[in-house]
Amino acid sequence: MKRLIVLLSIALISFQALAQDAYPETGWKASVRPLLMKIVGEKGTNGLLGEAPLPPGPTEIPLPALPKLERKNTDASVYKMDSELRKQGKEFDALPAEKRRSYEVAYLKELFQATRRAPAREEDLAKWLNVLEGGGTREGVYRGVVLDDVYASLENYEEQPSAKLLTWTQAFTKKYLALAFSEEALKQGNLFFIKRVVTEKVLEMLDALEAKPEDFRVWYAVMSAQLATEFPNIWKGTIRANPDAQVHLNWAKKAHLQHIKSDAVIKLQTVMNGLQDAQ
């Protein structure tokens, strides 16, 4: 009898408010629904309150128009650019030196694991940390790491790129770089060669997009959301696992330019490593 009275009371309140509640479930319905689910189950609860609204899905953001990649190796115009993106990240610059150092060391460890697929040695960390603290950029360090003799030896390692790596790389470069790589051309190199070539083109695209900061941020956000959606197991427990492009866009609006670029590099290289392993 007591249980029936509780049910009738809840039902009465529900029906009185039902006509006024045309909004997604919040407030009293959100509070009452779990209790009703235990008492009368999902069907009975839906009969009293109506079906619960579905949570909003990830924000869909279209890619911006892609500029044609025409940059030459001798083109230094990007270094003269003074876009608003270069004014972001002042909070990082204002951190105490030791705190900044801890972030840079974490970046270097991630970079070596993603590029060379091996932990950074202490001498590697010391060398490149000195470069960063001396005014060097994360992008510059990346290029130094993949253009040295160690990486050259990795590119000479005889290992066929996996079918999954080839298929994914062709789709990625077509969508995000407007480039068409033939499968036969990609097969001429191994994983390390393909990673270096594609990543260099990604950095060129980001340089080209920098003249339109919002396009730059959106490109990064859409790419990040896709990688989160396609490879959720790689990014567990981090913002990188979030499939909502708006989340990545919000981060890109305040992060340091070099941090956005380095994040794109590490994500791309990590995904390509996983695709090679999944052969």
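Refer to the structure above for everything that follows.
Here the structure is a predicted model, which is why all the values come from computation and not from measurement. (Residues numbered from 1 in each chain as written. Predicted model: local features only at pLDDT ≥ 70, side-chain atom pairs only at ≥ 80, totals over all residues. Heavy atoms only, no water.)

Caption draft 1: Region of interest: the overall build of the chain. A count of helices and strands for the chain gives 13 helices and zero strands. Helices and strands appear in the chain in the N-to-C order α-α-α-α-α-α-α-α-α-α-α-α-α. A burial count over the chain gives 41% of its 279 residues as buried. Taking the intrachain contacts of the chain between residues at least 6 apart in sequence as the baseline, contacts between residues at least 24 apart amount to 73%. (Helix = DSSP H or I, 4+ residues; strand = E, 2+ residues; numbered from the N terminus. Buried < 20%, exposed > 50% of the residue type's maximum accessible area, 1.4 Å probe, protein only. Contact = heavy atoms within 4.5 Å.)

Caption draft 2: Spotlight on the packing of aromatic side chains. Scanning the entire structure with this criterion turns up seven aromatic pairs. Among the aromatic residues, those joined into a ring-pair cluster are Trp168, Phe172, Tyr176, Trp219 and Phe231. (Phe/Tyr/Trp six-rings, centres within 6.5 Å; stacked < 30°, edge-to-face > 60°.)

Caption draft 3: Broad picture of helix H4 (residues 97-115). Compared with the 27 Å implied by 1.5 Å per residue over 19 residues, the 26 Å span of H4 between its first and last C-alpha is a close match. Those residues of H4 that fall on the buried side of the exposure criterion are Glu104, Tyr107, Leu108, Leu111, Phe112, Ala114 and Thr115. Seen from one end, H4 has its buried residues packed into an arc of 160°, which puts them on one side. If you follow the buried residues of H4, they end up packed against helix H3 (90-93), helix H5 (122-133), helix H6 (138-146), helix H7 (149-155), helix H10 (191-209) and helix H13 (257-277). Downstream of H4 by one or two residues, Arg117 has phi in the positive range, about 60°. (Expected span 1.5 Å × (residues − 1). Arc of directions from axis to C-beta.)

Caption draft 4: The arrangement of the layout of surface pockets in detail. Roughly 470 Å³ of internal volume is contained in the largest pocket. If you go around the largest pocket, you meet 21 residues; those closest to its centre are Arg138, Arg240, Trp251, His259 and Asp263. Those elements that provide at least two residues to the lining of the largest pocket are H3, H4, helix H12 (245-252) and H13. Per-element accounting of the lining of the largest pocket gives the leading share, five residues, to H13. (1 Å grid on protein atoms, 1.4 Å probe; cavity = no way out; pocket = protein on both sides within 12 Å on 5 of 7 lines; lining within 4 Å. Points joined across faces, edges and corners; volume = space filled by probe spheres on them.)

Caption draft 5: A look at the nonpolar core. In this structure, Trp168, Phe172, Val202, Trp219 and Met272 are the most contacted members of the largest nonpolar core, which totals 40 residues. Of all the elements in the fold, those that place two or more residues in this core are helix H8 (163-177), H10, helix H11 (213-230), H12 and H13. Once residues within four sequence positions are removed from consideration, Trp168 is found in contact with Leu227, Glu230, Phe231, Leu268, Val271, Met272 and Leu275. In terms of nonpolar packing, the next biggest core, distinct from the first, is built from 19 residues, Ala114, Leu132, Val141 and Tyr142 among them. (Core = buried A, V, L, I, M, F, W, Y, C linked by side-chain atoms within 4.5 Å.)

Caption draft 6: Just the packing of H6 against H10, in detail. Across the interface, H6 lies against H10 with an axial gap of 12 Å and an inter-helix angle of 160°. By the angle between their directions, the pair H6 and H10 is classed as roughly antiparallel. The chirality of how H6 crosses H10 is left-handed. Every residue of H10 that contacts H6 at Glu139, Tyr142, Arg143 and Val146 is listed here: Lys195, Arg196, Thr199, Glu200, Leu203 and Asp207. Class assignment of the residues belonging to the contact of H6 with H10 gives a composition of three nonpolar, one polar and six charged. (Axes fitted to C-alpha atoms, helices over the stretch in contact; angles between N-to-C directions. Parallel < 35°, antiparallel > 145°, perpendicular 65-115°, else oblique. Left-handed = near helix turned anticlockwise from the far one by under 90°. Nonpolar A, V, L, I, M, F, W, Y, C, P; charged D, E, K, R; others polar.)

From the geometry alone we can't say anything about function, so treat these as descriptive.
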